[in-house]
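Residue-level listing of the chains:
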Amino acid sequence: MFRLKFIISQIIILSVIIFCFTEKDKGQINVVPQPVSVIKNSGHFDLRDLKGYSYNSQVKNDPAWDFAQWANQNFSLKFERVSSRKPALYFVQIDTFTHKDAYLLVIHEKGVEIQYKDEAGAFYATQTLKQLCPIENADADKNTRIPMKVPACIIYDYPQYGYRGMHLDESRHFFGMDAVKKYIDLLAFQKMNYFHWHLTDDQGWRIEIKKYPKLTEIGSCREQTLIGQFRSKPVRYDGKKYCYYYTQDQIKEIVNYAAKKFITIIPEIEMPGHSSAALAAYPELSCTGQQVKTAITWGVFEDVFCPKEETFLFLQNVLDEVMALFPSKYIHIGGDEVPKVQWKNCDYCQNMIKTYGLKNEEGLQSYFIGRIDKYAASKGKSIIGWDEILEGGLTENAIVMSWRGTEGGIAAAMQNHEVIMTPGEYCYLNQSQARRPGEPVSFGGLVTLKKVYSFNPTPSQLPEDKKKYILGAQANLWSEYITSISQLQYMAYPRSFALAEVLWSPESSRNYDNFVQRLKVQLPWLDAWKVNYAHHFYSLNIHSENINNQQKVYFVTDARPPAIEYRISSGKSTTAWLPYSEPVLMPESRGVVEARIIDKSNNSESPAFSKEYEFNQGSNAEMSLEYPPSEQYNLGGINALHNGFFGTDDEWGGDEWLGFSGKDINATFKFNHVTTIRQIEMRFYYDSVNWIYPPRNFNLSCLKGNTNHENIKYKTSITEMGNIYKVTIIPDQPIDVETLRVGINRYGQIPSNARGGGNEAWLFCDEILLK
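Cut-offs and rules
- Residues numbered from 1 in each chain as written.
- Predicted model: local features only at pLDDT ≥ 70, side-chain atom pairs only at ≥ 80, totals over all residues.
- Heavy atoms only, no water.
- Pairing = 2+ DSSP bridges.
- Helix = DSSP H or I, 4+ residues; strand = E, 2+ residues; numbered from the N terminus.
- Axes fitted to C-alpha atoms, helices over the stretch in contact; angles between N-to-C directions.
- Phe/Tyr/Trp six-rings, centres within 6.5 Å; stacked < 30°, edge-to-face > 60°.
- Buried < 20%, exposed > 50% of the residue type's maximum accessible area, 1.4 Å probe, protein only.
- Disulfide = S-S within 2.5 Å.
- 1 Å grid on protein atoms, 1.4 Å probe; cavity = no way out; pocket = protein on both sides within 12 Å on 5 of 7 lines; lining within 4 Å.
- Points joined across faces, edges and corners; volume = space filled by probe spheres on them.
- Nonpolar A, V, L, I, M, F, W, Y, C, P; charged D, E, K, R; others polar.

1. A short note on the pairing of strand E3 (residues 89-93)
Note: strand E2 (residues 53-55) against E3, 3 bridges, orientation parallel. If you follow Tyr53 over to E3, its bridge partner there is Leu89. Relative to strand E5 (residues 111-116), E3 is paired through 5 bridges, and the arrangement is parallel. Considered in E5, the bridge of Val92 is made with Gln115.

Below is the structure:
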């Protein structure tokens, strides 16, 4: 009789699955990532009515352990295994699903059933069940009597990509076991299944290797740590020794913790570059043999492993201990940003190039990676490397992690190599997520929540037979400027949720506004778990434009409906927050424009966005440029040079800074009447690390009526404030003009002894103020 009932239930469930694929999904279920198929029914079920959970005795591992622990911690609900005769959460393992990680979650007014193929599917089903539970209080004790009502529904679900990952750099800054476990908890909540753990770099070696104790005795320590941006002036350090690493026992504990949540940890041991910390401990492994120190600044360093036999023996011994700690089939070996200076000046390296018939130093890097690849393969492992491992030719088993755009991934897939996509413009979460005051110091750049959500890991230009090589994608958190656990969380969330949906949900189901709606329902769980996160769901841009000879401010957002409030401070006065409906006149003074997005569904507002402004006569002029800005640094258009708004002082990106390469700035201002100019102020960015230099000199000319005045005499003063290079030009006498030409002559070629030596310097300007 029982067997007959079971067979009938399977037929019904299979019919439901077919129905899910053939009928349009109904209703809204606030789950992230969005499931493959959802049918929402009427009614609810209170999980408190369950007596426990039940599963087949033949199942190897308890499929409900995580959910039971979570229910106890968050709702004080004791959830234990019971006999199948009692009302319970039923787990049924079946073999009818085509996808190994698929699950079917059925909730009705009399109970809950989860069907799954592999154990991971059962785990993913419980993460969905968690998200369906209501959250009212952060304190579990206060939730004791709150009903755990979940909506009646049928959810059939499975992931679109097999690799769904997040990365964390603990070389630059170390966060510790508790923070990493919490990071893993959140990965599981989002149904991510890979954690890429960056454990070695120039700034610190963070994993115990018993055969080489100096790696942690020396390599885990740096003398001090940079404060603020690497490009900031003056450069400042904290003066504090920084020494941290994980013991092998701690590594094992974290690996086991993740494995229980179906997350595979991939360790990264950098080679042949980014190896200053290792060479500080064992300098004999470099090409020079000279003592180096663990790096105290960020960037790329010339000290790299020398491709000699003792180096390969060292690395093989290190990898032996690493592979014993991490059961992952993947080992990440870095391979990125390898300066070849020492190899070019090394007789041993040059002899190797000749002996093995290698083309050049790039070929030597390919040989280096190939040696490690073969060794890893002999141990049953596959190596992953950043896309630089394409240079000189891919080794046989290498998997490419494409970070410099998607081009490296495309090239690897065309060669039948597996690929993990992680392009910086979509997946580098160490970049800012909004351009507004109060945001934490970041690497620079802008990756918004919506930008992450727009990512497609499989490039459309790949032929159909090559798309199978795209395993998935991951987001990266490099920690040069992430100095605390709170900041780590702020940079990760909620952007990681966007990538989780990209990798799990069908592309056809993606809708950003719907995603934000579902995400906002889940974010109170982060509040309950004391997780710091950003509230930037939509962009908000502040612009100005000359309309009918009046400089006006207007606001643009992608929020729908676009409900915006603004206020303007001018001198000592500040307006109240006002609803925005049309462009607003810019006061003829200096001040700050602020704006925020209003969510009328819950009467909340976004963090405020703001820009400093200074009204000036150039704002009301018509301006043209002889040479346009570089296409990649022209976000605000040429209007940005005279709209009265300043760019941020700590970053040269955004819509106010314009970048020029190989061209001078020759700006012509035309006024609709004779105008008196007494002073000209200009702001430039100075960041030699990124090849950005101030101008060399200037020239002015003007036209009044038919009279052309060349070579106007003036005095110049220069003020340097951090990275801002402010130039003030005061003509010997006020000049009356109808047309004014301001010539700004670029720096030119970078000195040979500076970073980027011999290349053309960039010129960045955010404003030309005419007073």
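2. A short note on the sheet that holds strand E22 (residues 550-557)
Pairing is antiparallel in the open sheet, where 3 strands are placed in the order E21-E22-E26. Unpaired on one side and paired on the other, strand E21 (540-547) and strand E26 (584-585) mark the two borders of the sheet. The pairing of E21 with E22 spans 8 bridges and is antiparallel. Of the residues in E22, the one forming a bridge with Asn541 is Val556.

3. Considerations on the sheet that holds strand E33 (residues 680-685)
Taken in spatial order, the 5 strands line up as E31-E39-E33-E37-E36 in an open sheet, and their pairing is antiparallel. The open sheet is flanked by strand E31 (658-661) and strand E36 (714-721), the only strands paired with a single partner. With strand direction ignored, the average angle separating the axes of adjacent strands in the sheet is 30°. With 8 bridges joining them, E36 and strand E37 (residues 724-731) adopt antiparallel strand pairing. For Tyr714, the partnering residue across the bridge sits in E37 and is Pro731.

4. Some words on the packing of aromatic side chains
The tally for this structure, following the rule as stated, stands at 51 aromatic pairs. With 5.1 Å between their ring centres and 80° between their planes, Tyr124 and Trp504 make a pair best called edge-to-face. Placement of the pair is Tyr124 in helix H3 (residues 119-132) and Trp504 in helix H16 (residues 495-504), with a sequence separation of 380 residues. Here Tyr124 and Trp504 have matching classes, each one buried. When the centroid spacing of 6.4 Å and the interplanar angle of 80° are considered together, the rings of Trp197 and Phe326 count as edge-to-face. Of this pair, Trp197 sits in strand E8 (residues 194-198) while Phe326 sits in the loop between helix H8 (309-325) and strand E16 (330-334), placing them 129 residues apart in sequence. As far as burial versus exposure is concerned, Trp197 and Phe326 are alike and both buried.

5. A short note on the state of the cysteines
In total, this model carries 1 disulfide according to the counting rule given. For Cys221, the disulfide goes to Cys243, at an S-S distance of 2.1 Å. In this structure the cystine formed by Cys221 and Cys243 twists about its S-S bond by roughly 130°; its chirality is therefore right-handed. Within this pair, whereas Cys221 is found in strand E11 (residues 221-222), its partner Cys243 is found in strand E14 (residues 242-243), the two being separated by 22 residues in sequence. Overall, the relative accessible area of 15% leaves Cys221 in the buried class. For Cys243, a relative accessible area of 33% puts it in the partly exposed group. Cys349 takes part in no disulfide bond, and the closest cysteine sulfur to it belongs to Cys346, at a distance of 3.2 Å.

6. A look at the layout of surface pockets
If you add up the space inside the second largest pocket, you get close to 1,000 Å³. Taken together, 48 residues line the second largest pocket, and the ones lying closest to its centre are Arg435, Arg436, Pro437, Ser610 and Thr648. At the level of elements, helix H14 (449-453), E21, strand E29 (609-614) and E33 are the ones that each hand at least two residues to the lining of the second largest pocket. For the lining of the second largest pocket, a count of residues per class yields 17 nonpolar, 15 polar and 16 charged.

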